[in-house]
Amino acid sequence: MRELKMKSKYENMKIIYNRSKIGWYWAPLFVSFWFLLFYLVAVSSFHRMPRLKTTQDELQQPGQFIGERAENTLLRLSKIGPKVVGSAANEQVAVQFLLSEITDIIDGARTDLYNIEKDVQIASGNYLLWSMVNVYQSVQNVVVKLSPKNATSEAALLINTHFDSVPGSSGAGDAGMMCVIMLEVLRVITKYETPLTYSVVFLFNGAEENPLQGSHAFITQHPWAQNVKAVMNLDSAGSGGREILFQSGPDNPWLMKYYGKNIVHPFASTIGEELFQNGFVPSETDFRVFRDFGNIPGLDMAQVLNGYVYHTKYDRFNLIPRRTYQLTGDNILALVKALANAEELENPSKYAEGHMIFFDVLGWFFVYYPESTGEIINISVCVVVCATIVGYIWIMSSSTGMFRRRIWVKFGILTALQVAGVGLGIGLVLSIAMFLDAVNLPMSWFAQNWMLFGLYFCPMIFGMGIVPAIYFSRTKEHGLPLGYGIQLLMHSHCLILTVVTVVMISYSIRSAFVIMLCIAFYTLSVIINMVTRAHKTNFLWLIPHCLCQVLPFMFYTYCCYAFYVVFVPMQGRECNTNPEILMGFFTALMVILFAPFLVPLLCLFRKSKTIISMFGVCTLLFIIFAATPIAFPYAEKTAPQRFFAVHTARTFHNADRASTVNHTDSGYFVVPVDRRPHTLDDILFDNTNYSKAEPIDCDSEIMCGYPIYSSRWLNAVDNSYFVPGPEPNKDYLPTLSIIDKSSSSAKNIKFTLEIAGPDHTSIFIQPVNGTTLVDWTFTKEPLEQNVKPPYYVYWSYALDPTPLQFSMEFEHENDNWSGDTFKIAIMGHRTHHDMYIDEEFREFLATFPPWAHVSSWIGSYNSWQL
């Protein structure tokens, strides 16, 4: 009899289990619904921009930003071509263009309401940037100061962007677009009666790409800088699109309040700010200079669409979406009006303490609140989550007749399974990331973004789904009804995320709000189901559950898509870290947020293991794709691979006699920029007259004998190579002269040197034979901060080619020293003189395939030991 009862009980449980299943053919529709939600809502929201307003609209509604006028201005500015510091295009044509536009604006301004002053600043200076001494000479800034008549305060708001560009690029997006936005904002404010409490300084910076020299010149030397209380820095890491506010402050939460109240088309997130400030973005902007050297808070904004063309010849006027002008113009005009009337601008230090948590929701609206409020919200949600889970298990015990202890044991088992599933997914993702990099197949998603789905989304979903699917299939006859089991599984994931949220709160990580939103919406659906008792049914509980997942799903996939838009192109200029790890790990985190309450629902379908296994099959298929031409990472114009090529003449002088030459050679210095440095090896060196030269001993020659152009090249030295070739034109070679050599003591010796050469020169100084550099003409910070030699001095000039003269004092270890004191290597670069590029160099560049973008010029390397 007992056996019959037990058999009857198991049969009943099997009936409950079987009735809790949905036909497998509904699974594709379920998955397709969420895919469509992503493409139709999240992606379209990201790319939504307002209609471009024309001069006809201005007649109907005066005082608004006119995108058409800004577009026409950029067309004329971009026709100037590349505007490299030191070139006539930058120092003469671009400066005169801006002055002409500003003059026209002043002629049409309400001079009865405003005082408008313009100035061309010419400045020289030096400072420590990263580990490099940044020396600039006669760089130019075009500055406009707009002040209300009868102003009672000298406080001013600074608006900054730059008009110079990198070699070979017209700089239409970076940052010609922001220049014309500022010009149109200036025109609108001055032409119409716009109330202003404080002055506004418009800084058109002529040396940002050099890097960050124009901003330093202004904030440390210009007389208007002393009254600047806040800054809006405008830049670009792409070609138009929505401008993201990726950092604010530091501190000064009032800035975010004004942004939130006045922004027309919001695009900002605390996540981006914390990523940028913790070094995940391989870039710096003028905002850093204003913050560090002016102690000025502000907003740092940049356009990020189509980062593939950033700093390339493809950064052209015709690639910028027309509606970009209106979107960014509306935002900047509204923010300038608001901040120029903000009472906090008088004395920002009074309102400096605190941080804000902020984010936009699909660009629809903007949410912002103080960090202290965020902590209260986060903690409150965590408490509600725990109370809800306890309440749910209590009610489950009453409705199923099972002992609570047994349910808690079940809950513990499911929690362990969920941890195992998430761990399996992350393990698969990281294994794939490391495998692809190890076999030299990284970045298959660079041009083919859809590869990310198969390589990282699918294994994560497979790992999270297959573990519970196997468990539920093996506990049909002695477990809870399937619906209860799945709900408990999702409760366990919610509890895990709650623990993570508490940890993030304890470390004051403001991005904890991201996880808080996830558990809050899930808990809301659980509460609704408990109140309506829908959780007891087989399928009715799915309605509140899925409805409460729609908004979080759209939010997280929108954030995920925005991350890819920003970070995927960035990997094309980062060679030191494995980009697969970044993409894979971020994807795994996003799946943990938007999919943990959806993937378990696949267990409700018949053949659930087969359905979930399809994601695993998809992963294997995409790994195969990564090794085939289907997933070749580069494409002409749209996603090129970046290289630098410098036609170089090298001269190495003897150690015993600085005037005698030990070795000379010439050729082409090639710098691959991303993680796939060998893609060209077959093309350049098989069946051609070119070959790689044997690398020079890096211990004997500074920078391995390579002509370094900027500090970012230091990271690429290991992947760079030298290709022997004919000599370039040598009229531009830098010269080194010893002006004076004297001793102040038995141990100390002082050198005064003079260097002449092209307008972009890198200088490396390496003390030898136990000597120490104790003093020099430049900023003392490298010496005080014990920067590791060789010391890097980057020197550039714009208008004045006067040779660089500087002194250095070295100290030897003892009085009885002998031999040389230091090595010096000088690398000259002519980055804007195409007339010096000879036919042989052009033929070498022609061997690069169409999908390779090569920034090229002529340079030199000369080393001495003194």
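Novice: I'm lost on the sheet that holds strand β18 (residues 804-811) in this one. Help?
Specialist: Sheet strands line up and pair through hydrogen bonds in the backbone, either parallel or antiparallel. Sheet architecture is open: 4 strands sit in the order β13-β14-β18-β16, paired in antiparallel fashion. Lying at the two open borders of the sheet, with one neighbouring strand each, are β13 (735-742) and β16 (772-776). Put simply, the sheet's adjacent strands are angled 30° from each other on average, direction ignored. Here 8 bridges tie strand β14 (residues 748-756) to β18, and the two strands are oriented antiparallel to one another. Paired with Asn748 across the bridge in β18 is Glu811.

Novice: Explain the nonpolar core here, please?
Specialist: In this structure, Trp445, Tyr456 and Leu601 are the most contacted members of the largest nonpolar core, which totals 142 residues. Top element by residues in this core is helix α17 (residues 542-570). It accounts for 17 residues. Here Trp445 is in contact with Met451, Leu452, Leu455, Tyr456, Val568, Gln571, Pro579, Glu580 and Met583, once residues within four sequence places are set aside. By size, the runner-up hydrophobic cluster in this structure holds 69 residues, among which are Val142, Leu157, Leu196 and Val336.

Novice: Whenever I open this one, a nonpolar patch on the surface confuses me. Can you help?
Specialist: Taken together, the side chains of Trp24, Tyr25, Trp26 and Leu29 make up a nonpolar region of the molecular surface, amounting to roughly 490 Å² of accessible area. Relative to the elements of secondary structure, Tyr25 occurs in the loop between α1 (2-19) and α2 (27-46).

Novice: Before we go on, may I ask you to explain unusual backbone geometry in this structure?
Specialist: Note on backbone geometry: most residues besides glycine have negative phi, and most peptide bonds are trans. At the junction of Asp174 and Ala175, the peptide bond is cis and its omega measures out at -5° in the coordinates. Here Ala175 shows up in helix α6 (residues 172-191). Residue Pro789 is joined to Pro790 through a cis peptide bond whose omega torsion reads 5°. Mapped onto the fold, Pro790 is located in the loop between α21 (781-784) and β17 (791-797). You will see that Asn295, though not glycine, has its phi angle at about 55°, which is positive. Here Asn295 lies in the loop between α10 (286-294) and β7 (298-303). Using a relative accessible area of 69% as the deciding quantity, one classes Asn295 as exposed. In the Ramachandran plot, Met443 falls in the positive-phi region, its phi being about 65° despite a non-glycine side chain.

Novice: Would you take a moment to explain the packing of aromatic side chains for this structure?
Specialist: Each aromatic ring pair is characterised by the separation of its centres together with the angle its planes make. Within this structure, the stated rule accounts for 63 aromatic pairs. Their ring planes at 10° and their centres at 5.4 Å tell us that Tyr668 and Phe841 sit as a pair that is stacked. In this pair, Tyr668 sits in strand β11 (residues 661-672) while Phe841 sits in helix α22 (residues 839-846), placing the two residues 173 residues apart along the sequence. With respect to burial, Tyr668 and Phe841 carry one shared label: buried. The ring of Phe46 carries Arg242 above its face, with NZ or CZ at 5.5 Å from the centroid.

Novice: So what exactly am I meant to see when it comes to the pattern of salt bridges here?
Specialist: Where side chains of opposite charge bring their charged atoms close, a pairing between them can arise. Summed over all chains, the structure comprises 18 salt bridges. A salt bridge links Asp665 to Arg650; the shortest N-O distance between them is 2.8 Å. In this pair, Asp665 is assigned in strand β11 and Arg650 in strand β10 (residues 641-653), connecting sequence segments 15 residues apart. Each member of the salt-bridge network shares a partner with another, and the members are Glu58, Arg69, Glu184 and Arg187.

Novice: Got a minute to help me understand the pairing of strand β3 (residues 156-162) in this structure?
Specialist: Here is the key point about a regular strand: its side chains alternate between the two faces of the sheet. β3 sits mainly inside the fold: 7 of its 7 residues count as buried. The side-chain alternation of β3 yields two buried faces, one formed by Ala156, Leu158, Asn160 and His162 and the other by Leu157, Ile159 and Thr161. Two elements, β3 and strand β4 (residues 199-205), share 7 bridges in a ladder whose sense is parallel. The residue bridging Ile159 from the neighbouring strand is Phe202, located in β4. In this view, the connection linking β3 to its parallel neighbour β4 by way of α6 has right-handed handedness. Bridge analysis of β3 against strand β5 (residues 228-236) gives 5 bridges, and the strand direction is parallel. The residue bridging Leu157 from the neighbouring strand is Ala230, located in β5.

Novice: Any chance you could explain the pairing of strand β9 (residues 365-370) here in plain terms?
Specialist: Bridging between strand β8 (residues 356-361) and β9 involves 6 bridges; their strand directions are antiparallel. Across the sheet, the residue bridging to Met356 is Pro370, located in β9.

Novice: Just checking my understanding: could you explain the state of the cysteines for this structure?
Specialist: What we call a disulfide is simply a covalent bond connecting the sulfur atoms of a pair of cysteines. Evaluated as defined, the whole model comprises 1 disulfide. Residue pairing for Cys698: its cysteine sulfur links by disulfide to Cys704, the two sulfurs lying 1.9 Å apart. Here the disulfide of Cys698 and Cys704 is right-handed, its torsion about the S-S bond being about 110°. By relative accessible area, which is 43% here, Cys698 ends up partly exposed. Take Cys704: its relative accessible area is 10%, and that puts it in the buried class. Among the cysteines around Cys382, which has no disulfide bond, Cys386 carries the closest sulfur, lying 6.9 Å off. For Cys382, a relative accessible area of 6% gives the class buried. Residue Cys518 stays outside any disulfide, its sulfur separated by 7.2 Å from that of Cys494, the closest cysteine. Taking the relative accessible area as the measure of exposure, Cys518 reaches 2% and is therefore buried.

Novice: Is there a simple way to explain the layout of surface pockets in this structure?
Specialist: Rolled over the atoms, a probe sized like a water molecule indicates the empty space that remains. Within this model, the second largest pocket holds a volume of roughly 810 Å³. For the second largest pocket, the lining is made up of 32 residues, of which Phe35, Phe38, Tyr39, Phe453 and Phe457 are closest to its centre. Among the elements of the structure, α2, α14 (451-474) and α17 are those that each provide at least two residues to the lining of the second largest pocket. Broken down by element, the residue count for the lining of the second largest pocket peaks at 8 residues, all from α17. Partitioned by chemical class, the residues of the lining of the second largest pocket number 27 nonpolar, 5 polar and no charged.

Novice: Sorry if this is basic, but what is going on with the packing of α17 against helix α18 (residues 579-594) here?
Specialist: Between two packed helices, both the angle of their axes relative to each other and the distance between the axes serve to describe the pair. Where α17 meets α18, the closest approach of the two axes is 9 Å, and the angle between their N-to-C directions is 170°. Classified by the angle their axes make, α17 and α18 are roughly antiparallel. On α18, the residues touching Phe553, Tyr556, Thr557, Cys559, Cys560, Phe563, Tyr564, Phe567 and Val568 of α17 are Leu582, Met583, Phe586, Thr587, Met590, Leu593 and Phe594. A per-class count over the contact of α17 with α18 returns 14 nonpolar, 2 polar and no charged.

Conventions used here
- Counting restarts for each chain, with residues numbered from 1 along the sequence as it is written.
- In view of the model being predicted, local features appear only for residues whose pLDDT reaches at least 70, and side-chain atom pairs are presented and counted only at 80 or more, with totals across whole chains, interfaces and linings using the full set of residues.
- Neither water nor hydrogens contribute to the side-chain values; these are computed over all heavy atoms in the structure.
- A pair of strands is treated as paired once DSSP finds two or more bridges between them.
- Segments assigned H or I by DSSP are reported as helices when at least four residues long, segments assigned E as strands when at least two residues long, and all are numbered from the N terminus.
- Lines fitted to C-alpha atoms define the axes here, with helix axes fitted over just the stretch in contact, and angles between the N-to-C directions of these axes take values from 0 to 180 degrees.
- Think of a nonpolar core as a cluster: buried Ala, Val, Leu, Ile, Met, Phe, Trp, Tyr and Cys residues, connected wherever their side-chain atoms sit within 4.5 Å.
- Accessible area is worked out with a 1.4 Å probe on protein chains only. A residue is then buried under 20% of its type maximum, exposed over 50%, and partly exposed in between.
- We call two residues in contact when some of their heavy atoms are within 4.5 Å.
- Like charges within 9 Å and nonpolar side chains (Val, Leu, Ile, Met, Phe, Trp, Tyr) within 5 Å are joined into patches, using only residues over 30% in relative accessible area that form no salt bridge.
- Computed with a 1.4 Å probe, the accessible areas rest on the Shrake-Rupley method; for each residue, only the protein chains presented here act as cover.
- Salt bridges are defined by distance alone: a side-chain nitrogen of Lys or Arg within 4 Å of a carboxyl oxygen of Asp or Glu.
- Between the rings of Phe, Tyr and Trp (Trp by its six-membered ring), a pair exists once the centres lie within 6.5 Å; its type follows the angle of the planes, with under 30 degrees stacked, over 60 edge-to-face, and the other angles tilted.
- Only Lys NZ and Arg CZ are tested; either one counts as a charge over a ring when it is within 6 Å of the ring centre and within 35 degrees of the ring normal.
- We call a crossover right-handed when, viewed with the strands running away from us, the connection from the first strand over the helix to the second turns clockwise.
- Disulfides are defined as cysteine sulfur pairs within 2.5 Å.
- The definitions used throughout rest on a 1 Å grid laid over the protein atoms alone, on which a cavity is an enclosed set of points accommodating a 1.4 Å probe that cannot get out and a pocket is an open set flanked by protein within 12 Å on both sides along at least five of seven lines; lining residues are those having an atom within 4 Å of a point.
- Grid points are joined across faces, edges and corners, and a volume is the space filled by probe spheres set on the points.
- All residues other than Ala, Val, Leu, Ile, Met, Phe, Trp, Tyr, Cys, Pro, Asp, Glu, Lys and Arg, Gly among them, are scored as polar; the first ten of these are nonpolar and the last four charged.
- Between 65 and 115 degrees an angle is taken as roughly perpendicular, under 35 as roughly parallel, over 145 as roughly antiparallel, and anywhere else as oblique.

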